Amino acid sequence: MPGLLNVRHRQTWRKAGQRFVAASIGVASLAMCGVLKVQADYRALPPLPAVGDLPLSVVVLDRQDRLLRAFTSLDDKWRLPVELENLDPLYIKMLLAFEDQRFHRHNGIDVRALLRSVLASLRKGQIVSGGSTLTMQVARLLDERPTRSLKRKYEQFLKAVQLEQAYSKENILHFYALRAPFGGNLEGVRAASLTWFGKEPKRLTPAQAALLVALPQSPEARRPDRFADNAMKARNRVLRRALEAGVLTRDETVSAMAEPVRARRYDMPFLAPHESREARSGNPARSEHNLTLDRDLQAALEKLARRKVTALPAPISASIIVADHQSGEIVARIGAPDMLNGVRLGHVDMTRAVRSPGSTLKPFIYGLAFEEGIGLPQSLIVDRAIDISGYQPTNFDQAYQGTVTLREALQLSLNTPAVQLLEAVGPARLIARLKRAGVRPVLKRDVAPGLAISLGGVGITLKDLAQAYAALARGGVPIELTTCRTDCKAESSVHGTQRFLSGKASWMVSDILTGLPQTQSAETSHIAYKTGTAYGYRDAWAAGFDGRYVVAVWVGRPDGTPVPGQTGASAAVPILFEVFQKLGPDRVPMRDAPADVARLAQREVPVPLRYARLPDSQHRDSRNQGLRIAFPPDGAELDLGLTRNGVPSLQVQPLVVKLKGGKAPYSVLINGRPLPEKLRRQQLVWQPDGPGFTEVTVLDRSGRSDKVTVLLR
């Protein structure tokens, strides 16, 4: 009987062992299946993006890589590029202390933290936060889907491991710094720091660093501009954790907790908006544009321009260019004081708009005259009424100075001497020299350059003007002015290596221009400058230079309508001198006089050059002795204020017609219809009925006639 019991006992144990082995094999099989499933799921994960693949905001940087302007990313986020070395180390320490103390010791999943999270989840009956590592958070941010389910949490575990296998810890932190959410369309530490603190994240206070750690946990519920109390409470929890981890001292923690949370956003940097727009449109594939502009100077001059135009009626605007003519780098460029001001047409970049330069080209006419031996600064010229093949210019004040030196004629900006000199040197030669300097003059199609160029009868831009004066400042050596700092296109408006003017002629002109009144300038730091006022007071200009910088200023209405009474001297010169003040007191002096010019100044003017050598002008008064309409010229466009913004105006100026020659009385026909009264004087003042083309015909008593067609606006 005992033997039978032993047999049964052994059989029972044998069966139990068999069942255990079978169960173990089953468990092992299930485990193996689970491992294979995890491996399969891991291999099925899509490839991870590279840091460079993330859609970032396009940024425009100044000469010191400081942010001028940023554009939202392709997915409409403020997600600015940032490197870890440009983040305050205190922020990184606080982030790891609060989010992932074992970040540098785990492989994507912190088992300890995960167990704590599981136990908490079992007690709550749902998944709660607390087990996610920074790597897991990066996996979630890259996936952009919620993880409040076991399946999504499982996928996040796999992606965290994938991240750790593919990238270094620094790369993972970099991903977080770029993608962490901070409320609204703010992503990344840099965008958050600029928006909430108004500064780059390189230097942060403990309170600021703690807030940047706290916001991504609940970015909308903790937005400082909407829920400042929530933001402060979350920030203080981070500060207490930092104290416990030894990142902060108690005094630092107490002080940081007392710091208030700003409840208003700072605007994203918006400097040089026109130039930033141009840089981006010129190379849309680039995510970073590096310009030669100086952020501090740009900000100061934008503020100056806004202050100046605010005192003037809309839509008057202003634009400024400042360049280092030694290097060709443009250090400030203001297309308009406020790009977003629709009333003043701020979207129009007036540094690129083609306008009439007024008298600002006169110095180059004199420079050519000096270079060609037509005269010297001490040579004499007669300022008088002239008629050159029907062209009859007058001075701005309608008066004449008589015999003056060329120095005086240029400093007084007299018109008739400039026209006489341009006739001597040739308008085509002036245009060719301007092109050498990189200027792109705009003339009417199929019309040869004429003498009216001397008084502004050509179109140029403010950048063109700065380009020409830079060449003058450099002793006649052209240089391309640019805002491009890296990867610049090879295109240049300066062609060849030919001089714009000789060094001798350039110095003479510069010396004359330094003799103009030096507003707001010390006697020891003279500036060479020239003003210009376009016909009808449409454009006011000033351009000047010292030994290093060239400055060009424009003031006027972007729509091209007149600003009565506005001149370059009254509107642009004050801005010019304030710009030079902003450049600092340590001004580089002008170039020394060439040796031959210095010797020439010690001698009397040679007899042949006592008067400027002008072409024979006997023919000027020999033609057109008959009747001629002296003004307006045929084909002219006259703004009489007939309409304003397409609406008939109540303040309409009369059309003034001036006659020359002929014998009174005169009969006048307007569009073929005779006026009821004949003229006894050589001037007609007629009130037009409306805008449009108007034909004016005049007949004298001898039957002579003349006719012009003008466009009235």
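Thresholds applied
Residues numbered from 1 in each chain as written. Predicted model: local features only at pLDDT ≥ 70, side-chain atom pairs only at ≥ 80, totals over all residues. Heavy atoms only, no water. Helix = DSSP H or I, 4+ residues; strand = E, 2+ residues; numbered from the N terminus. Expected span 1.5 Å × (residues − 1). Buried < 20%, exposed > 50% of the residue type's maximum accessible area, 1.4 Å probe, protein only. Salt bridge = Lys/Arg side-chain N within 4 Å of Asp/Glu carboxyl O. Phe/Tyr/Trp six-rings, centres within 6.5 Å; stacked < 30°, edge-to-face > 60°. Lys NZ or Arg CZ within 6 Å of the ring centre and 35° of its normal. Core = buried A, V, L, I, M, F, W, Y, C linked by side-chain atoms within 4.5 Å. Contact = heavy atoms within 4.5 Å. Axes fitted to C-alpha atoms, helices over the stretch in contact; angles between N-to-C directions. Parallel < 35°, antiparallel > 145°, perpendicular 65-115°, else oblique. Pairing = 2+ DSSP bridges. Polar contact = N/O pair within 3.5 Å; in protein donor to acceptor, adjacent residues only side chain to side chain.

**Here's the deal with helix α17 (residues 462-473)**
Thought 1: With 12 residues, α17 should reach 16 Å at 1.5 Å per residue; the first-to-last C-alpha distance of 16 Å fits that figure.
Thought 2: Most of α17 is tucked away: 12 of the 12 residues are buried.
Thought 3: Among the residues trailing α17, glycine 475 stands out with phi positive, at a value near 75 degrees.

**Comments concerning the pattern of salt bridges**
Thought 1: Taken as a whole and assessed by the stated rule, the structure comprises 31 salt bridges.
Thought 2: Across the pair glutamate 187 and arginine 179 runs a salt bridge whose closest N-O atoms are separated by 3.1 Å. For the pair glutamate 187 and arginine 179, a shared accessibility class is recorded, and that class is buried.
Thought 3: Arginine 352 serves as the salt-bridge partner of glutamate 278, at 3.9 Å between the closest nitrogen and oxygen. One end of the pair, glutamate 278, is in helix α11 (residues 273-282); the other, arginine 352, is in the loop between β5 (329-334) and α13 (362-371), with 74 residues separating them in the sequence.
Thought 4: By relative accessible area, arginine 352 is classed as partly exposed at 30%.

**Side note on helix α19 (residues 568-582)**
Thought 1: The end-to-end C-alpha distance of α19, which contains 15 residues, comes to 20 Å, matching closely the 21 Å that a straight helix rising 1.5 Å per residue would cover.
Thought 2: Along α19, the residues that are buried comprise Gly568, Ala571, Ala572, Val573, Ile575, Leu576, Phe577, Glu578, Val579 and Phe580.
Thought 3: Phi for glycine 584, located one or two positions after α19, is positive at around 105 degrees.

**Digging into the packing of aromatic side chains**
Thought 1: The full count for this structure, using the stated rule, is 5 aromatic pairs.
Thought 2: Ring geometry for tyrosine 167 against phenylalanine 175: centres 5.2 Å apart, planes inclined by 70 degrees, an arrangement best described as edge-to-face. Here the two residues tyrosine 167 and phenylalanine 175 agree in accessibility, since each one is buried.
Thought 3: Between tyrosine 529 and phenylalanine 577 the ring centres are 5.2 Å apart and the planes differ by 85 degrees, which places this aromatic pair in the edge-to-face class. With tyrosine 529 in strand β8 (residues 528-533) and phenylalanine 577 in helix α19, this residue pair connects regions lying 48 residues apart in the sequence.
Thought 4: Given the relative accessible area of 1%, phenylalanine 577 is considered buried.
Thought 5: Clustering of aromatic rings is evident, with ring pairs tying together Phe364, Tyr469 and Phe500.
Thought 6: The ring of tyrosine 266 has arginine 262 sitting right over it, with the charged end atom 3.8 Å from the ring centre.
Thought 7: The cationic tip of arginine 280 hangs over the ring face of phenylalanine 71; the distance from NZ or CZ to the ring centre is 4.4 Å.

**Let's talk about the nonpolar core**
Thought 1: Within the largest apolar cluster, 104 residues are counted, with the highest numbers of intra-cluster contacts made by Leu301, Ile320, Val322, Phe364, Leu421, Tyr469 and Val555.
Thought 2: In terms of residues, this core owes the most to one element, α17, which gives 9 residues.
Thought 3: Not counting residues within four places of it along the chain, the set of residues in contact with phenylalanine 364 comprises Leu430, Leu434, Ala468, Tyr469, Leu472 and Phe500.

**What about the packing of helix α2 (residues 89-99) against helix α9 (residues 228-244)?**
Thought 1: Two elements in contact, α2 and α9, have axes separated by 9 Å at closest approach and are oriented at 90 degrees. By the criterion of interaxial angle, the relationship of α2 to α9 is roughly perpendicular. Along its contact with α2, which presents Met94, Ala97 and Phe98, the element α9 presents Arg237, Val238, Leu239, Arg241 and Ala242.

**With respect to the sheet that holds strand β11 (residues 628-631)**
Thought 1: Pairing is antiparallel in the open sheet, where 3 strands are placed in the order β11-β15-β18. Either end of the sheet is taken by a strand with one partner, and the two such strands are β11 and β18 (683-686). Along the sheet, successive strands turn relative to each other by an average axial angle of 30 degrees, direction set aside.

**Remarks on the sheet that holds strand β4 (residues 317-324)**
Thought 1: Pairing in this open sheet of 5 strands is antiparallel, and the strands run β5-β4-β10-β9-β8 from one edge to the other. Strands with a single pairing partner mark the edges of an open sheet, and in this sheet they are β5 and β8. Sheet twist, expressed as the average angle between the axes of neighbouring strands with direction ignored, equals 10 degrees.
Thought 2: Here strand β9 (residues 539-545) pairs with strand β10 (residues 549-556) via 7 bridges, running antiparallel. Its bridge partner lying in β10, alanine 540 is registered against valine 555.

**A closer look at the side chain of arginine 433**
Thought 1: Along the chain, arginine 433 falls in helix α16 (residues 427-436).
Thought 2: Its relative accessible area of 11% is what places arginine 433 among the buried residues.
Thought 3: Only 3.0 Å separates the side chain of arginine 433 from the backbone oxygen of phenylalanine 500, close enough to count as a polar contact.
Thought 4: Apart from the residues within four sequence positions on either side, arginine 433 is in contact with Leu368, Glu371, Glu372, Phe500 and Leu501.

**Re the pairing of β18**
Thought 1: Burial along β18 is one-sided: the face carrying Leu684 and Trp686 is buried and the face carrying Gln683 and Val685 is not.
Thought 2: Where strand β15 (residues 655-660) lies against β18, 4 bridges are found, and the strand directions are antiparallel. Paired with valine 657 across the bridge in β18 is leucine 684.

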